[in-house]
Amino acid sequence: DFGISYVGPLILDLGKGILWNCVDKGIINKRKLSNFLKGYFFHRILTKTERDNLKKSILFGIYASIYVDLFHIPFGRAPEKYCLFMVRKWLPLAKWIKNSFKPDKL
């Protein structure tokens, strides 16, 4: 899905990938995250800096998705209903990540 990929640090793609593939019921599913990272680590191990910024990369994915979708509403390129759904879905997840997610335990 090239809509969730970025030019830049690979950690941004990883954050978005985790966001879209490892969330269940408003939190990050540890089993899905573990499997996702095993597949990723098979090809490439994260640097210490990337590990230190994993949480920030997932939060970036949330806020970037919301921003881009909301930006497109006035131009008719994104339906308002979908964008508001994303706000309701991702903002509680962002709060959970800030308060509870411990990537250093991976």
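For the structure, see preceding data.
All of the points below concern the structure found in this document. As a convention, each chain's residues are numbered from 1 in the sequence order in which they are written. Predicted model: local features are reported for residues with pLDDT of at least 70 only, side-chain atom pairs are reported and counted for 80 or more only, and whole-chain, interface and lining totals are derived from all residues. Hydrogens and waters are ignored; side-chain quantities use all the structure's heavy atoms.

1. What to know about the environment of phenylalanine 101
Tracing the backbone through its elements, the reader meets phenylalanine 101 in the segment after α5 (80-100). In this structure the C-alpha to C-alpha distance between phenylalanine 101 and isoleucine 28, which are 73 residues apart in sequence, comes to 8.0 Å. Contacts are assigned to residue pairs that have any heavy atoms within 4.5 Å of one another. Residues in contact with phenylalanine 101, not counting those within four places in the same chain, are Ile28, Leu33, Lys55, Ile58 and Trp96. Only DSSP runs of H or I reaching four residues or more are called helices, and only runs of E reaching two or more are called strands; each is numbered from the N terminus.

2. So, the packing of aromatic side chains
Geometry of aromatic contacts follows a simple scheme: Phe, Tyr and Trp rings, the Trp one being its six-membered ring, pair when their centres are within 6.5 Å, and the pair is stacked under 30 degrees between planes, edge-to-face over 60, tilted otherwise. This model, assessed by the stated rule, comprises six aromatic pairs. Ring centres of tyrosine 40 and phenylalanine 41 lie 6.3 Å apart, and the angle between their planes is 70°; this geometry places the pair in the edge-to-face category. Here's how the labels work: a residue is buried when its accessible area is under 20% of the maximum for its type, exposed when over 50%, partly exposed in between, all with a 1.4 Å probe on protein chains only. A relative accessible area of 23% places phenylalanine 41 in the partly exposed class. Relative to phenylalanine 71, the ring of tyrosine 67 lies with its centre 6.1 Å away and its plane at 25°, an arrangement referred to as stacked. Taken together, the positions of tyrosine 67 and phenylalanine 71, both in helix α4 (residues 54-72) and four residues apart, correspond to about one turn of that helix. The class for tyrosine 67 is exposed, based on a relative accessible area of 57%. Owing to a relative accessible area of 40%, phenylalanine 71 belongs among the partly exposed residues under this scheme.

3. With respect to the pattern of salt bridges
Whenever Lys or Arg places a side-chain nitrogen within 4 Å of a carboxyl oxygen from Asp or Glu, that contact is recorded as a salt bridge. This structure, assessed with the given rule, holds three salt bridges. A salt bridge links arginine 44 to glutamate 50, with the nearest nitrogen and oxygen atoms 2.8 Å apart. Judged by its relative accessible area of 27%, arginine 44 is partly exposed. Exposure remark for glutamate 50: the relative accessible area of 11% places this residue in the buried category. Salt-bridge contacts for aspartate 52 lead to lysine 48; the nearest nitrogen and oxygen are separated by 2.9 Å.

4. Regarding the nonpolar core
Ranked by size, the top nonpolar core spans 21 residues in total, and within it Ile18, Ile28, Ile62 and Ile97 carry the most contacts. Those elements giving two or more residues to this core turn out to be α1 (10-21), α2 (30-43), α4 and α5. If sequence neighbours within four positions are ignored, isoleucine 28 has contacts with Ile18, Cys22, Val23, Leu33, Ile58, Leu93, Trp96, Ile97 and Phe101. Think of a nonpolar core as a cluster: buried Ala, Val, Leu, Ile, Met, Phe, Trp, Tyr and Cys residues, connected wherever their side-chain atoms sit within 4.5 Å.

5. Considerations on the packing of α1 against α4
Relative orientation of the contacting elements α1 and α4 amounts to 70°, with a least axis distance of 8 Å. Compared by their axis directions, α1 and α4 come out roughly perpendicular. The crossing of α1 and α4 is right-handed. Residues Ile11, Leu12, Leu14, Gly15, Lys16, Ile18, Leu19 and Trp20 of α1 lie in contact with α4, whose contacting residues are Leu54, Ser57, Ile58, Phe60, Gly61, Ile62 and Ser65. Of the residues belonging to the contact of α1 with α4, the class tally is 10 nonpolar, four polar and one charged. A fitted line through C-alpha atoms represents every axis, and for helices the fit uses only the stretch in contact; the resulting angles, taken between N-to-C directions, go from 0 to 180 degrees. Each angle gets one of four labels, with under 35 degrees taken as roughly parallel, over 145 as roughly antiparallel, 65 to 115 as roughly perpendicular, and the rest as oblique. Each crossing is labelled by how the near helix is turned from the far one, with a counterclockwise turn of less than a right angle marking it left-handed and a clockwise turn marking it right-handed. Under the scheme applied, nonpolar residues are Ala, Val, Leu, Ile, Met, Phe, Trp, Tyr, Cys and Pro; charged residues are Asp, Glu, Lys and Arg; polar residues are all the others, including Gly.

Coordinates in, geometry out; function isn't part of it.
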